[in-house]
Amino acid sequence: MTAQTASKIAIVTGGSRGLGRNTVVNLARKGIDVVLTYHSNRAEADAAVAEIAELGGNAVALQLDSGVTESFDDFVASLKTALSENWGRGSFDFLVNNAGIGINAPITETTEEQFDRLMNIHLKGVFFLTQKLLPLMADGGRIINLSSGLARFSGPGYAAYGMMKGGIEVFTRYLAKELGTRGITANTVAPGAIETDFGGGAVRDNANYNKMVSSVTALGRAGVADDIGPMIASLLSDDNRWVNAQRIEVSGGMNI
Ligand code: NDP
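Q: I'd love a proper account of the pattern of salt bridges, names of residues and values included.
A: Per the stated rule, a full pass over the model turns up 15 salt bridges. Salt-bridge contacts for Arg-247 lead to Glu-169; the nearest nitrogen and oxygen are separated by 2.8 Å. Remark: Glu-169 occurs in helix α5 (residues 159-179) and Arg-247 occurs in strand β9 (residues 247-250); sequence separation between them is 78 residues. Across the salt bridge formed by Arg-221 and Asp-227, the nearest N and O atoms sit 2.8 Å from each other.

This is how it looks when you write it as structure tokens:
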């Protein structure tokens, strides 16, 4: 890989599949280089890197479990090495906290283990990973945190998940407040129901669920990854530099 210094660099957690994958490809199309993370599926991460290389972009894949804060120091060390070796830099520009899982369980049946897993990945992990990465983020950088329509409306079985996403929306506003002096913006992108592997692929593979989602969406269908990645890429462009501390729902008008 050739060393580049001119391109902006984005870190996208969970960039190997789904919304993260679509985001990294659309960032590459805009000339933004990428450090994408994956959890366990190395093959998909390698495929994402190859797809970006075909577009003429530069990408590196690093392993990360965003639910294990004890691993973050090692991740930061790997990131520093990757930034130095591939770009000759000690910093990056954009952070997209996207990695996540879905667990559907009614409040009466949610176990403490399920709750802790969601909290560690969606809330605690995002807080402390961002904290660890801030010293490496260039002034004038951008943070995008992924929330969900489920933080605005209530979907049966998503109480624990939805409340973590609600917390992320509050965290985002505090990030914007505390980082403004460095010229760093922070915004939340909240997708509606999107056809990915998320939650066992329910939106994509369960015809009844897909039909229900379509029926409560103003634009009359469930979302696809292509509805989200280009939007995130455009939010990271200079055109949107004055958008700060906002929750932007990208749902085609779901449950309005
Ligand atoms: P996918 O299941 O398609 O992809 C999940 C990605 O996150 C993969 O890259 C996966 O890596 C990674 N990941 C999973 N667990 C961990 C972990 N413990 N640590 C680090 N990385 C992990 O999900 P989506 O793309 O659909 O979801 C992305 C984000 O969007 C999530 O935050 C989700 O909550 C949110 N969202 C999704 C919606 C939807 O309907 N799809 C709606 C609203 C919000 P690997 O391949 O290695 O497992």
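Q: Before we move on, could you go through the site of the ligand and cite the residues and values that matter?
A: Around the ligand there are 29 residues in total, and Arg-17, Ser-40, Asn-98, Tyr-161 and Thr-196 lie nearest to it. A distance of 2.7 Å separates an oxygen atom of the ligand from a polar atom in the side chain of Ser-16. Between the ligand and Arg-17, the relevant distance is 2.6 Å, taken from an oxygen atom to a side-chain nitrogen or oxygen of the residue. Bound to the protein, the ligand loses 95% of the 900 Å² it would expose on its own. If you list the elements that add at least two residues to the shell around the ligand, you get α1 (18-29), α4 (112-133) and α5.

Q: So what about the domain arrangement of the protein? Which residues, and what values?
A: Considered domain by domain, the protein is made up of domain 1 (9-191 + 228-249) and domain 2 (198-225). Here domain 1 and domain 2 have C-alpha centroids that lie 23 Å from each other. Facing the 10 residues of domain 1 at the interface are 5 residues of domain 2. Both sides of the domain 1 and domain 2 interface together cover about 480 Å² of buried area, and 59% of this is carbon and sulfur. In this structure, the connection of domain 1 to domain 2 is made through 2 residue pairs in polar contact (both at pLDDT 80 or more). At the level of secondary structure, the elements contributing two or more residues to the side of domain 1 that touches domain 2 comprise α1 and α8 (229-235). With 3 residues, the top contributor of residues to the side of domain 1 that touches domain 2 is α1.

Q: Which residues make up the environment of Asn-145, and what values do they have?
A: Among the structural elements, Asn-145 can be located in strand β5 (residues 137-146). Considering only alpha carbons, one finds Asn-145 and Gly-31, 114 residues apart in sequence, at a separation of 21 Å. Among the polar contacts made by the side chain of Asn-145, one reaches the side chain of Asn-97 at a distance of 2.8 Å. A distance of 3.0 Å separates polar atoms of two side chains, one belonging to Asn-145 and the other to Thr-172.

Cut-offs used in this document
- Residues numbered from 1 in each chain as written.
- Predicted model: local features only at pLDDT ≥ 70, side-chain atom pairs only at ≥ 80, totals over all residues.
- Heavy atoms only, no water.
- Salt bridge = Lys/Arg side-chain N within 4 Å of Asp/Glu carboxyl O.
- Helix = DSSP H or I, 4+ residues; strand = E, 2+ residues; numbered from the N terminus.
- Near = heavy atom within 4 Å.
- Polar contact = N/O pair within 3.5 Å; in protein donor to acceptor, adjacent residues only side chain to side chain.
- Areas by Shrake-Rupley, 256 points an atom, 1.4 Å probe, with all protein chains shown as cover.
- Domains from an automatic or database assignment.
- Contact = heavy atoms within 4.5 Å.
- Buried area = accessible area lost by both parts, 1.4 Å probe.

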